[in-house]
Amino acid sequence: AAVPQAATKEARGASDRMAMVDDGHAALVLAAGDPLVDVSVTVDDDETISKLDERSGNPSFERGGCESVSGGQIGAILSAVREDLGLEPKVCAGGSASNLAKAIAMLRNQEGFEPNAAFFGCRGNDEDGAYFARELDECGVRTIGPIAENARTGTCLCLVSGKTGERTMRTCNGASALVCAEDWPPASSHELGLVGVDHVHAEGYYFRNPDLMRKILVTPTPKNATKSVDLASFELVRSKRDEIWALLAPREGDPHAKTLVDILFCNKDEAEAFVGERDLEVLSRLASVVVVSLGAEGCMAMHGGKTYRAPAPEIKVVDTTGAGDFFTAGFLHAYLKGQGIQEACEAACRAGAAACLQVGTDTKQVSEALLGMS
């Protein structure tokens, strides 16, 4: 019997990706984004979060999203956390792309192989910047990118609901906001061995700088690396929807136009903010593979006119911080090994669920949780 063309194409794609894995040396993944120090605190309820936001001077922030604030606003909230609530936050290296890189390294370590992950971003020449690089190094992730002499490393305050585990983030980008198109490709490429990069992932927060995002996506690599992006947050999508669409969509009327990304990741809220009343299938115009995480409902993926679905493990959520990043890493790790989209979706759901079982994004704890699901 003849093999369906779509199946042949997917098998060929899997074969190409398997070529990246030779004698245990996995595809080198480079994640680009904001290096942040995450400061996480679990509070009783949304009312407490609202009261903390009042201390920042802006009580109207939406729950569950990510809003940019000043360093002074974060300081005011932290003072209230310590003085009014008597709580001491948990600190770890964070930021979407660095979480992804840490997760890739973790998944590789679980299989007994070298981490083979790297992170690019602009951090400050300060104590937090040194802490960030040190933490990633301990996870097996190489850190490259510019270091700003007169700026502080960014901070993300994660307010976690003790009832639902939902995280609400307040971010001061600090030095990470200074990164620009001229910084790509990284000057330290030769030290990293960027010529060996097999996959580049750019976090969606870089859409705030379209020139930088475009350069990351269009700059060729010696190994013709595959590329992926995510949509970051529903707030960013609302404010940058037209710019994101213009950057990712192929030129109208050009039958030879290609998409800039191979894989597009988003969650349900981001997808709905992006496409509005249109069917989610419209996202397939922007990438060869589109993956939408659906929280407790698992995920769906679209590729070649086919839709794939995978359920989420049943868990008691503690903290959703980083869950989307670990979800993305789970998919990429499986996909770049040559596994099919269905298997990659299942791996993504397991990794995302494991990230929800503790406060923060400590990969040792996530790894233990993930092994417990096996």
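The structure under discussion appears in the preceding block.
Just so it is clear, the model here is predicted, and its values are computed rather than measured. (Residues numbered from 1 in each chain as written. Predicted model: local features only at pLDDT ≥ 70, side-chain atom pairs only at ≥ 80, totals over all residues. Heavy atoms only, no water.)

S.K.: Explain the packing of aromatic side chains here, please?
M.R.: The relative placement of two aromatic rings is captured by the distance of their centres and the angle of their planes. Applying the stated criterion across every chain yields a total of five aromatic pairs. A network of ring pairs unites the aromatic residues Phe265, Phe331 and Tyr335 as a single cluster. Seen from the ring of tryptophan 245, arginine 278 lies directly overhead, with NZ or CZ sitting 5.0 Å from the centre. (Phe/Tyr/Trp six-rings, centres within 6.5 Å; stacked < 30°, edge-to-face > 60°. Lys NZ or Arg CZ within 6 Å of the ring centre and 35° of its normal.)

S.K.: Just checking my understanding: could you explain the side chain of serine 161 for this structure?
M.R.: Tracing the backbone through its elements, the reader meets serine 161 in strand E9 (residues 153-161). A distance of 3.3 Å separates a polar atom in the side chain of serine 161 from the backbone nitrogen of threonine 164. For serine 161, the contacting residues outside a window of four places in its chain are Thr42, Val43, Asp46, Glu166 and Val318. (Helix = DSSP H or I, 4+ residues; strand = E, 2+ residues; numbered from the N terminus. Polar contact = N/O pair within 3.5 Å; in protein donor to acceptor, adjacent residues only side chain to side chain. Contact = heavy atoms within 4.5 Å.)

S.K.: Would you mind going over a negative patch on the surface with me for this structure?
M.R.: Where like charges cluster on the molecular surface, the negative patch consists of Asp46, Glu166, Asp269 and Glu272. In this fold, aspartate 46 is placed in helix H2 (residues 46-56). Among the residues examined, aspartate 46 registers a relative accessible area of 35% and is labelled partly exposed. (Patch = residues over 30% accessible without salt bridge, like charges linked within 9 Å, V, L, I, M, F, W, Y side chains within 5 Å. Areas by Shrake-Rupley, 256 points an atom, 1.4 Å probe, with all protein chains shown as cover. Salt bridge = Lys/Arg side-chain N within 4 Å of Asp/Glu carboxyl O. Lys, Arg positive; Asp, Glu negative; His and termini not counted. Charge placed at Lys NZ, Arg CZ, Asp CG, Glu CD. Buried < 20%, exposed > 50% of the residue type's maximum accessible area, 1.4 Å probe, protein only.)

S.K.: Any chance you could explain the pattern of salt bridges here in plain terms?
M.R.: Where side chains of opposite charge bring their charged atoms close, a pairing between them can arise. Overall, the coordinates contain five salt bridges when judged by the stated rule. Of the charged contacts, one joins arginine 82 and glutamate 88 as a salt bridge, the two residues approaching to 3.3 Å between their closest N and O atoms. For aspartate 198, the salt bridge is made with lysine 223, and the minimal N-O distance between the two is 2.9 Å. With aspartate 198 in strand E11 (residues 197-202) and lysine 223 in the loop between helix H7 (210-218) and strand E12 (226-230), this residue pair connects regions lying 25 residues apart in the sequence. Under the relative-accessibility criterion, lysine 223 is labelled partly exposed at 46%.

S.K.: Just checking my understanding: could you explain unusual backbone geometry for this structure?
M.R.: Residues apart from glycine generally show negative phi values, whereas peptide bonds are mostly found in trans. The omega angle of the peptide bond from tryptophan 184 to proline 185 is 0°, so this bond is cis rather than trans. Summarising the element assignment, proline 185 is placed in the loop between strand E10 (167-174) and helix H6 (189-192). One non-glycine residue, asparagine 116, lies in the positive phi region at around 55°. Considering the arrangement of structural elements, one finds asparagine 116 in the loop between helix H4 (96-110) and strand E5 (117-120). Of note in the backbone geometry, alanine 232 takes a positive phi value of approximately 65° without being a glycine. Tracing the backbone shows alanine 232 in the loop between E12 and helix H8 (234-248).

S.K.: For this particular structure, what's the right way to read the nonpolar core?
M.R.: Across soluble globular proteins, nonpolar side chains have a tendency to be buried as a group. In terms of nonpolar packing, the biggest core is built from 55 residues, with Phe207, Val229, Leu248, Leu264, Phe274 and Leu283 touching the most fellow members. Per-element accounting of this core gives the leading share, seven residues, to H8. Leucine 283 has contacts with Leu264, Cys266, Ala271, Phe274, Val275 and Val290, leaving out every residue within four places of it along the chain. Counting residues in hydrophobic clusters, the runner-up holds 45 residues, among them Leu100, Leu107, Cys299 and Tyr308. (Core = buried A, V, L, I, M, F, W, Y, C linked by side-chain atoms within 4.5 Å.)

S.K.: Mind showing me how you'd approach the environment of threonine 143 here?
M.R.: Topologically, threonine 143 is positioned in strand E7 (residues 141-144). For the pair threonine 143 and alanine 118, spaced 25 residues apart in sequence, the C-alpha separation works out to 5.9 Å. Residue contacts for threonine 143: discarding those within four places in its chain leaves Phe119, Arg123, Phe132, Ala133 and Leu136.

S.K.: Teacher, can you tell me more about the sheet that holds E7 here?
M.R.: Strand-to-strand pairing in sheets goes through backbone hydrogen bonds, with the strands running parallel or antiparallel. Read across the open sheet, the nine strands follow the order E7-E5-E1-E11-E12-E13-E14-E15-E16; overall the sheet is mixed. Each edge of the open sheet is held by one strand with a lone partner, namely E7 and strand E16 (306-310). With direction set aside, neighbouring strand axes in the sheet form an average angle of 20°. Sitting on the sheet, H7 touches strand E1 (28-32), E11, E12 and strand E13 (261-267), and the angle it makes with E12 is about 150°. Together, E13 and strand E14 (287-293) form the strand contacts of helix H9 (residues 268-275), whose direction differs from that of E13 by roughly 110°. (Pairing = 2+ DSSP bridges. Axes fitted to C-alpha atoms, helices over the stretch in contact; angles between N-to-C directions.)

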